[in-house]
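Single-letter residue listing:
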Amino acid sequence: NGSGKTTLLHVIAGVVRPWAGTARIAGRDAGTVRPRQRARLVAAVPQRAEPVAGMTVRALVLLGRYPYLSVCGGYGAEDRAAADAALADTGMGDLAGRESTTLSGGEFQTALLARALCQGTGILLLDEAAANLDMARKAAMHELLREKNARGLTVVSAVHDLNLAAL
């Protein structure tokens, strides 16, 4: 606790500038990459987030496609397909129509993971992403992340649970 895990993830994401040195994303100083471009390179699951009243799980997951929207707006077929795939991958498909405020803490955290996967980046930053999950969901999440990593997704995860870290 307090060792700087979250700060390091924020530096990698380019949200916080490092005190010394540089963090690079795709060969560029993370702090100089424009937000929209950064969001196409790096997705994050925060340690804490709050659901928004009136927003369904599907709408929450579709937010991962925001960096790809054109100025004309609207999500296209590719965006909806990415959301459907992320919902299926995380086992959240049956909850897609539910309002996000009705989810349990673990379900909401899983929806945030689905949003990050929907973003379609090559780097995924997780800050205590499994904190609110029961053991079955933790195991499923880490198996999914192992599969995604084997297919080329870079996963950087900060965890307090040493047993989970060992897995």
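Throughout, a residue's number is its position along its own chain's written sequence, starting from 1. Only residues with pLDDT of 70 or above have their local features reported here, since the model is predicted, and side-chain atom pairs are shown and tallied only from 80 upward, although totals for entire chains, interfaces and linings are computed over all residues. Water and hydrogen atoms play no part in the side-chain values, which are based on all heavy atoms of the structure.

Observations concerning empty space enclosed by the protein
Logical step 1: Residues are said to line a cavity or pocket when one of their atoms sits within 4 Å of a point; the points come from a 1 Å grid over protein atoms alone, cavities being sets where a 1.4 Å probe fits but cannot get out and pockets being open sets with protein on both sides within 12 Å along at least five of seven lines. Grid points are joined across faces, edges and corners, and a volume is the space filled by probe spheres set on the points. Counted under the stated rule, the structure contains one cavity of 30 Å³ or more.
Logical step 2: Quantified by volume, the largest cavity comes out at close to 30 Å³.
Logical step 3: As for the largest cavity, its lining consists of Val-11, Gly-14, Val-16, Arg-17, Pro-18, Ala-23, Asp-29, Ala-30 and Gly-31.
Logical step 4: Of the residues that constitute the lining of the largest cavity, the class distribution is five nonpolar, two polar and two charged. Throughout, the ten residues Ala, Val, Leu, Ile, Met, Phe, Trp, Tyr, Cys and Pro are labelled nonpolar, Asp, Glu, Lys and Arg are labelled charged, and all others, Gly among them, are labelled polar.

Structural notes on the nonpolar core
Logical step 1: Of all hydrophobic cores here, the largest spans 31 residues; its most connected members are Val-45, Val-61, Leu-113 and Leu-124.
Logical step 2: Secondary structure is summarised from DSSP: a helix means a run of H or I of at least four residues, a strand means a run of E of at least two, and numbering begins at the N terminus for each. Here the element with the most residues in this core is helix H5 (residues 105–118); it accounts for eight residues.
Logical step 3: Beyond its immediate stretch of four places on either side in the chain, Leu-124 contacts Ala-43, Val-45, Leu-113, Ala-116, Leu-117, Leu-145, Leu-153, Thr-154, Val-155 and Val-156.
Logical step 4: Side-chain atoms within 4.5 Å are what join buried Ala, Val, Leu, Ile, Met, Phe, Trp, Tyr and Cys residues into a set we call a nonpolar core. Categorising residues by exposure relies on relative accessible area from a 1.4 Å probe, with only protein chains included: less than 20% of the type maximum marks a residue as buried, more than 50% marks it as exposed, and the intermediate range marks it as partly exposed. Judged by nonpolar contacts, the second largest core, of 11 residues, contains Ala-23, Ile-25, Ala-30 and Val-33. Residue contacts are counted whenever heavy atoms from the two residues lie within 4.5 Å of one another.

Some thoughts on the layout of surface pockets
Logical step 1: Computed from the structure, the largest pocket encloses a volume of approximately 460 Å³.
Logical step 2: Contributing to the lining of the largest pocket are 21 residues, with Ala-13, Val-42, Ala-43, Ala-44 and Gln-119 lying nearest its centre.
Logical step 3: Of all the secondary-structure elements, those providing two or more residues to the lining of the largest pocket are helix H1 (5–13), helix H2 (35–41), strand E3 (42–45) and strand E4 (123–127).
Logical step 4: Taken together, the residues that form the lining of the largest pocket break down as 13 nonpolar, five polar and three charged.

Notes on the packing of helix H4 (residues 77–89) against H5
Logical step 1: All axes here are fitted lines through C-alpha atoms, helices being fitted over the stretch that makes contact, and every angle between N-to-C directions spans 0 to 180 degrees. As a packed pair, H4 and H5 sit with axes 8 Å apart at the nearest point and diverge in direction by 140°. Put simply, H4 runs oblique to H5. Judged by the twist between their axes, the crossing of H4 over H5 is right-handed. Across from Asp-79, Ala-82, Ala-83, Ala-86 and Leu-87 in H4, the residues of H5 making contact are Ala-114, Leu-117 and Cys-118.
Logical step 2: Partitioned by chemical class, the residues of the contact of H4 with H5 number seven nonpolar, no polar and one charged. In these notes the angle categories are as follows: under 35 degrees is roughly parallel, over 145 is roughly antiparallel, 65 to 115 is roughly perpendicular, and the rest is oblique. By definition, turning the near helix anticlockwise from the far helix through less than a right angle yields a left-handed crossing, and turning it clockwise yields a right-handed one.

Examining the sheet that holds strand E5 (residues 154–158)
Logical step 1: Reading across from one edge, E3-E4-E5 is the order of the three strands in this open sheet, with parallel pairing throughout. Two strands in the sheet have a free side with no partner beyond their single neighbour: E3 and E5. Averaged over all neighbouring strand pairs, the angle between strand axes comes to 15°, with direction disregarded.
Logical step 2: Relative to E4, E3 runs parallel, the two being bridged by four bridges. Strands are labelled as partners when DSSP assigns at least two bridges between them.

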